[in-house]
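Each chain is listed here by its residues.
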Amino acid sequence: MAAASASLSTFSSLSLHTTPSRFSPFQSQSFFLPKPIHLSKLKPITANSTTVETTFFDNTDPEEISTFDPPERPEDFIEPPSFDDGPLESEDDIAKAYEELYGPAYSGETFLGNDIYTMDSKVKKTTGFGKTKKEKAKDGFDERVVQVRRVTKVVKGGKQLHFRAIVVVGDKKGQVGVGVGKAKEVIAAVQKSAVNARRNIITVPMTKYLTFPHRSEGDFGAARVMLRPAAPGTGVIAGGAVRIVLEMAGVENALGKQLGSNNALNNARATVVAVQQMRQFSEVAQDRGIPMEELWK
């Protein structure tokens, strides 16, 4: 019994008088608990205190309904006319304003004198089974597809598949244009490229023998195209996109050669650049101020 009581006293003394750790945050209770504040030391806030600003509205009633009292108009005041009182705009005025803001319409009609071509197909309804059939716009331009390629775009979720089409349009009377379009379907890509080609129409200078007036060369990117006039009966001696552009323009006697890249789009645009550098003899004579007969002297 004496040994048991001695062990209990020793254990109780150890448990009660255990010293805290050197780095323990609980060494003192004052570290966490704030010191008590006596209420006798607090000062009440009074109206005469300099730290409080009090505003009194003696002359206003918060329950009173306020009314708006505008100032009087001067004697020489003239009221502006209302928007609805003015003259009504005609449909032509509205179409002109729309064309100035957003450009020409797809219908091919212009109200500002711009050179516009029909850029969309007309929809013709058929009687059989209620189906609709798209009819090509009869604007005098023929279409030739130069190339259709499948292109992919790498995005976060994978790859997006599209089709790129190159189309050349022309009336075979000196007007030709090259366009390119991209869509998820081949038909939509061809339609887009045809619209783009009609927006980039140029005029090809030609002589009465349906050939070029002089030599010319054009560059676009890495493609380089050489164009030469030819005698009647020669035909179009060219290949690739150059031949298609010349045929759609109405050129019957010419020589063409691709000197650089084999890219169809760049060669077609290089042909357009070479054609734009050509000039008629009458234009050169008019710029020099001499008759055309003196050009060959």
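Residues numbered from 1 in each chain as written. Predicted model: local features only at pLDDT ≥ 70, side-chain atom pairs only at ≥ 80, totals over all residues. Heavy atoms only, no water.

- By the naming in an unreviewed UniProt entry, the protein is Small ribosomal subunit protein uS5c, taken from Nicotiana tabacum.
- The UniProt entry for the protein carries the following text under Sequence similarities (unreviewed entry): "Belongs to the universal ribosomal protein uS5 family." (UniProt positions renumbered as here; feature names shortened; annotations may be inferred.)

1. Concerning the overall build of the protein
Reasoning step 1: Counting its secondary structure elements, the protein contains 6 helices and 10 strands.
Reasoning step 2: Residues counted as buried form 25% of the 297 residues belonging to the protein.
Reasoning step 3: Residue pairs at least 24 apart in sequence account for 49% of intrachain contacts in the protein once pairs closer than 6 positions are excluded.
Reasoning step 4: For the protein, the exposed surface amounts to about 23,300 Å²; the carbon and sulfur share of it is 54%. (Helix = DSSP H or I, 4+ residues; strand = E, 2+ residues; numbered from the N terminus. Buried < 20%, exposed > 50% of the residue type's maximum accessible area, 1.4 Å probe, protein only. Contact = heavy atoms within 4.5 Å. Areas by Shrake-Rupley, 256 points an atom, 1.4 Å probe, with all protein chains shown as cover.)

2. What to know about the pattern of salt bridges
Reasoning step 1: Counting across every chain of the model gives 6 salt bridges.
Reasoning step 2: A salt bridge links Arg-224 to Glu-217, with the shortest nitrogen-to-oxygen separation between them at 2.7 Å.
Reasoning step 3: Residue classification places Glu-217 among the partly exposed residues on the basis of a relative accessible area of 30%.
Reasoning step 4: A salt bridge links Arg-279 to Asp-287, with the nearest nitrogen and oxygen atoms 2.0 Å apart.
Reasoning step 5: Relative accessible area serves as the criterion here: at 58%, Asp-287 is assigned to the exposed category.
Reasoning step 6: Among the ionic contacts, a cluster of salt bridges with common partners joins Arg-144, Arg-243 and Glu-247. (Salt bridge = Lys/Arg side-chain N within 4 Å of Asp/Glu carboxyl O.)

3. Observations concerning the nonpolar core
Reasoning step 1: One finds Val-168, Val-176, Val-204, Phe-212, Leu-227, Leu-246 and Val-251 to be the most contacted residues of the largest nonpolar core, which totals 27 residues.
Reasoning step 2: Residue assignment for this core shows that the elements contributing at least two residues are β5 (175–183), β8 (223–229), α4 (241–249) and α5 (264–276).
Reasoning step 3: Broken down by element, the residue count for this core peaks at 7 residues, all from α4.
Reasoning step 4: When residues of this core are assigned to domains, at least three map to each of domain 1 (142–201) and domain 2 (216–288). (Core = buried A, V, L, I, M, F, W, Y, C linked by side-chain atoms within 4.5 Å. Domains from an automatic or database assignment.)

4. A word on a negative patch on the surface
Reasoning step 1: On the surface, Glu-89, Glu-91, Asp-92 and Asp-93 cluster together into a patch of negative charge.
Reasoning step 2: Looking at the element boundaries, Asp-92 is found in helix α2 (residues 91–102).
Reasoning step 3: Since its relative accessible area comes to 43%, Asp-92 is described here as partly exposed. (Patch = residues over 30% accessible without salt bridge, like charges linked within 9 Å, V, L, I, M, F, W, Y side chains within 5 Å. Lys, Arg positive; Asp, Glu negative; His and termini not counted. Charge placed at Lys NZ, Arg CZ, Asp CG, Glu CD.)

5. Some words on the sheet that holds strand β7 (residues 216–220)
Reasoning step 1: Strand order across the open sheet formed by 4 strands is β7-β8-β10-β9, with mixed pairing between neighbours. Of all the strands in the sheet, just β7 and β9 (236–237) have a single pairing partner and so form its edges.
Reasoning step 2: The pairing of β7 with β8 spans 5 bridges and is classified as antiparallel. Residue pairing for β8: Ser-216 is matched across the bridge by Leu-227.
Reasoning step 3: Against the sheet, α5 makes contact with β7, β8 and β10 (254–258), and its axis sits at roughly 135° relative to β7, the strand it touches most. (Pairing = 2+ DSSP bridges. Axes fitted to C-alpha atoms, helices over the stretch in contact; angles between N-to-C directions.)

6. Comments concerning helix α3 (residues 186–198)
Reasoning step 1: In this model α3 runs 19 Å from its N-terminal to its C-terminal C-alpha over 13 residues, within 8% of the 18 Å that 1.5 Å per residue would give.
Reasoning step 2: When α3 is considered as a whole, its buried residues turn out to be Ala-189, Val-190, Ser-193, Ala-194, Val-195, Ala-197 and Arg-198. (Expected span 1.5 Å × (residues − 1).)

7. Some details on the pairing of strand β4 (residues 158–170)
Reasoning step 1: Taken together, the 13 bridges between strand β3 (residues 142–155) and β4 define a ladder with antiparallel strand orientation. Bridging from a neighbouring strand, Val-151 pairs with His-162 of β4.
Reasoning step 2: Here β3 folds back onto β4 in antiparallel fashion, the turn holding 2 residues.
Reasoning step 3: Across 8 bridges, β4 lies against β5 in antiparallel orientation. Each bridged residue has a counterpart across the sheet, and for Ile-166 the counterpart in β5 is Val-180.
Reasoning step 4: Hairpin connection of β4 to β5: 4 residues between the antiparallel strands, including Lys-172 at a positive phi of 60°.

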